[in-house]
Amino acid sequence: MQITMPCGLGIGPGGQCSAAMCFNAATHVLEHHTDSGVWRAGAYCTPCLNRKVRPAAQVATADELDIMYGRTGGMNGLPDDTWKIRAFAPDELAELEAIRSGALLSLYVGPGNFIWATQADIEADRERRTAEEEAAKQVRRSRSRL
């Protein structure tokens, strides 16, 4: 599962690797460089990145062998000439540390909708929801008395 950080970078829950079944801490950012710009694919741990990104010549050779032998292809890794691994930028690292320390939390707003909030924001939201529930109970009680 990938969660989008406030800076727009995808990361796993609690600052973990973005890979589906990996629970290591994210250590680097994977980027795709093209003529039209740079796209950040997410934050991953080093072992997952080493499995994903491979030398371009090795990927091309493996793809050619797949074509020769009639296999599907495309599962040989990402070529390192267009896919780059970099360290976290200072703003990304600050957000990641805030998430890992619990200072920045994911708050449920609605179905499939989460926002980033501080502990104070979450307490205020909890109080607001409690007040709304109490008001709804009062309305139901007053209607039942009529």
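Conventions adopted
- Residues numbered from 1 in each chain as written.
- Predicted model: local features only at pLDDT ≥ 70, side-chain atom pairs only at ≥ 80, totals over all residues.
- Heavy atoms only, no water.
- Pairing = 2+ DSSP bridges.
- Helix = DSSP H or I, 4+ residues; strand = E, 2+ residues; numbered from the N terminus.
- Buried < 20%, exposed > 50% of the residue type's maximum accessible area, 1.4 Å probe, protein only.
- Expected span 1.5 Å × (residues − 1).
- Arc of directions from axis to C-beta.
- Patch = residues over 30% accessible without salt bridge, like charges linked within 9 Å, V, L, I, M, F, W, Y side chains within 5 Å.
- Areas by Shrake-Rupley, 256 points an atom, 1.4 Å probe, with all protein chains shown as cover.
- Salt bridge = Lys/Arg side-chain N within 4 Å of Asp/Glu carboxyl O.
- Axes fitted to C-alpha atoms, helices over the stretch in contact; angles between N-to-C directions.
- Lys, Arg positive; Asp, Glu negative; His and termini not counted.
- Contact = heavy atoms within 4.5 Å.
- Phe/Tyr/Trp six-rings, centres within 6.5 Å; stacked < 30°, edge-to-face > 60°.

Q: Residues and numbers for the pairing of strand β4 (residues 37-44), please.
A: Inspection of the sheet shows strand β3 (residues 28-34) paired to β4 by 7 bridges, in the antiparallel sense. Each residue of the ladder has a partner; that of valine 29, found in β4, is alanine 43. The turn joining β3 and β4, which pair antiparallel and follow one another in sequence, is formed by 2 residues.

Q: Could you give an account of the environment of asparagine 50, naming the residues involved and the relevant values?
A: Residue placement: asparagine 50 occurs in helix α1 (residues 46-52). A residue is classified by how much of its surface remains accessible, and asparagine 50, at 53% relative accessible area, is exposed. Here the alpha-carbon distance between asparagine 50 and glycine 77, two residues 27 residues apart in the chain, equals 9.5 Å.

Q: Could you give an account of helix α3 (residues 90-101), naming the residues involved and the relevant values?
A: If you check α3, its first and last C-alpha atoms are 16 Å apart, about what 12 residues at 1.5 Å a residue would give, namely 16 Å. Glu92, Glu95, Leu96, Ala98 and Ile99 are the residues of α3 that are buried. Down the axis of α3, the sector holding all buried residues measures 160°, keeping them to one side. Exposed and oriented more than 90 degrees from the buried face of α3 are Pro90 and Ser101.

Q: Residue-level account of a nonpolar patch on the surface, with values.
A: The grouping of Leu65, Met68 and Tyr69 at the surface amounts to a nonpolar patch, some 350 Å² of accessible area in total. With respect to the helices, strands and loops of the structure, tyrosine 69 is situated in the loop between α2 (56-68) and β6 (78-79).

Q: Any details on the sheet that holds strand β7 (residues 83-86)? Residues and values, ideally.
A: Pairing is antiparallel across the open sheet formed by 3 strands, whose spatial order is β4-β3-β7. Pairing within the sheet leaves two strands with one partner each, and these edge strands are β4 and β7. Across the sheet, the mean angle separating the axes of adjacent strands is 30° when strand polarity is ignored. In the sheet, β3 pairs with β7 via 4 bridges, with the strands oriented antiparallel. When the sheet's bridge partners are listed, glutamate 31 is paired in β7 with lysine 84.

Q: So, the environment of aspartate 35: which residues are in play, and what are the values?
A: Note on placement: aspartate 35 falls in the loop between β3 and β4. When its relative accessible area of 88% is taken as the criterion, aspartate 35 is described as exposed.

Q: Any details on the side chain of glutamate 95? Residues and values, ideally.
A: Relative to the assigned elements, glutamate 95 resides in helix α3. Buried charge without a salt bridge: glutamate 95, with arginine 40 as the nearest opposite-charge side chain at an N-O distance of 7.5 Å. Discounting chain neighbours no more than four positions away, the residues touching glutamate 95 are Met5, Pro6, Cys7 and Leu104.

Q: Describe the packing of aromatic side chains, naming the residues involved and giving the relevant values.
A: Under the defined criterion, the tally for this structure stands at 1 aromatic pair. With a centroid separation of 6.3 Å and 80° between ring planes, the pair formed by tryptophan 39 and tryptophan 83 is classed as edge-to-face. Placement of tryptophan 39 in strand β4 and of tryptophan 83 in strand β7 is noted, with a sequence separation of 44 residues between them.

Q: So what about the environment of alanine 57? Which residues, and what values?
A: Relative to the helices and strands, alanine 57 resides in helix α2. Classification of alanine 57 as exposed rests on a relative accessible area of 57%. C-alpha separation for the pair alanine 57 and threonine 118, spaced 61 residues apart in sequence, amounts to 46 Å.

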